[in-house]
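Here is what each chain is made of, one letter per residue.
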Amino acid sequence: MGGVTQQVNLYRVAPAATSTSRSTRLLLLAGIVSAVAVLGLAAVGELHLAQVRKQHDATAANLERQRADVARLRGSLVAPPLDPFLESELSALRAQLRVLNANLVAIDRERASASRHFSAFFASLARNHVPGLWFSNVGLSAGGSEVLLKGKTTQPALVPRLLQTLAGEQAFAGRTFRRVTFQREDDGDGAVVGFELRSANAAEDGDAG
């Protein structure tokens, strides 16, 4: 009988050792790629930063040049001499403006005061209506210091009664009526009396003592 011969291949590499070596190479390659990417990004960032700094420096230099130009321009400007005549005219116009403003304020105050006075005057007449007496003409003049009351009445005695009631009104306080005229009229329905009352002015009050 022939013998059985067993052959062993001593050059065959174990599968586990081959797989480990391949994983190590892949990890090493990935690390190299990552490092290259990081270095590339860093280089790009440094380049961008350098460009920004360059632009900043150029802008700062331009600003300094413009400031220097403005300073030179200000130094070259010469203020024109003031004309004394124009200064005098300007002072006079300012003084006139102050006077006009003061007059306007005074006029506005007088107008407001007169408006309140006239309103109080007519309101007093309306509150103190006397039956049998009516007005045909009511007037204020001399800034409200002179009063005219003109109308008709069926009884002349109603006129003094009207003056008594008006004496209690603030708008008629201190007023005196020195000119009083009566005139009998006939309007067709019966005899009526026309009356006219005029207040005394300041000169007449002074003469009356």
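This structure is a prediction, so every number in the text was calculated from the model and none was measured. (Residues numbered from 1 in each chain as written. Predicted model: local features only at pLDDT ≥ 70, side-chain atom pairs only at ≥ 80, totals over all residues. Heavy atoms only, no water.)

Caption draft 1: Seen up close, the overall build of the protein. Counting its regular elements, the protein contains 4 helices and 4 strands. Each helix and strand of the protein, placed in order from N terminus to C terminus, yields the pattern α-α-β-β-α-β-β-α. The proportion of buried residues among the 209 residues of the protein is 13%. The long-range share in the protein, meaning contacts at least 24 apart out of those at least 6 apart in sequence, stands at 55%. Summed over all atoms, the accessible surface of the protein reaches about 16,700 Å², with 59% contributed by carbon and sulfur. (Helix = DSSP H or I, 4+ residues; strand = E, 2+ residues; numbered from the N terminus. Buried < 20%, exposed > 50% of the residue type's maximum accessible area, 1.4 Å probe, protein only. Contact = heavy atoms within 4.5 Å. Areas by Shrake-Rupley, 256 points an atom, 1.4 Å probe, with all protein chains shown as cover.)

Caption draft 2: Just the side chain of Glu169, in detail. For Glu169, the location among the structural elements is in the loop between helix H3 (158–166) and strand S3 (177–186). Taking relative accessible area as the criterion, Glu169 reaches 16% and is therefore assigned buried. Within the local environment of Glu169, its side chain forms a polar contact with the side chain of Arg127, the two groups lying 2.6 Å apart. (Polar contact = N/O pair within 3.5 Å; in protein donor to acceptor, adjacent residues only side chain to side chain.)

Caption draft 3: Structural context of the packing of aromatic side chains. Under the counting rule described, the total for this entry stands at 1 aromatic pair. When the ring of Phe135 is compared with that of Phe195, the centres are 6.3 Å apart and the planes differ by 70°; the resulting orientation is edge-to-face. Separated by 60 residues along the polypeptide, Phe135 in strand S1 (residues 133–141) and Phe195 in strand S4 (residues 191–199) bring together distant segments of the chain. Phe195 sits in the buried class, given a relative accessible area of 2%. (Phe/Tyr/Trp six-rings, centres within 6.5 Å; stacked < 30°, edge-to-face > 60°.)

Caption draft 4: Molecular detail of the confidence of the model for the protein. In the predicted model, the protein carries a mean pLDDT of 75, and the fraction of residues at 70 or more is 75%. No element of the protein has a lower mean pLDDT than helix H4 (residues 202–208), at 42, and none a higher one than H3, at 86. In the model, residues 202–209 has pLDDT below 50 throughout and makes 6 contacts with residues more than four positions away in sequence or in other chains. (pLDDT = per-residue confidence, 0-100.)

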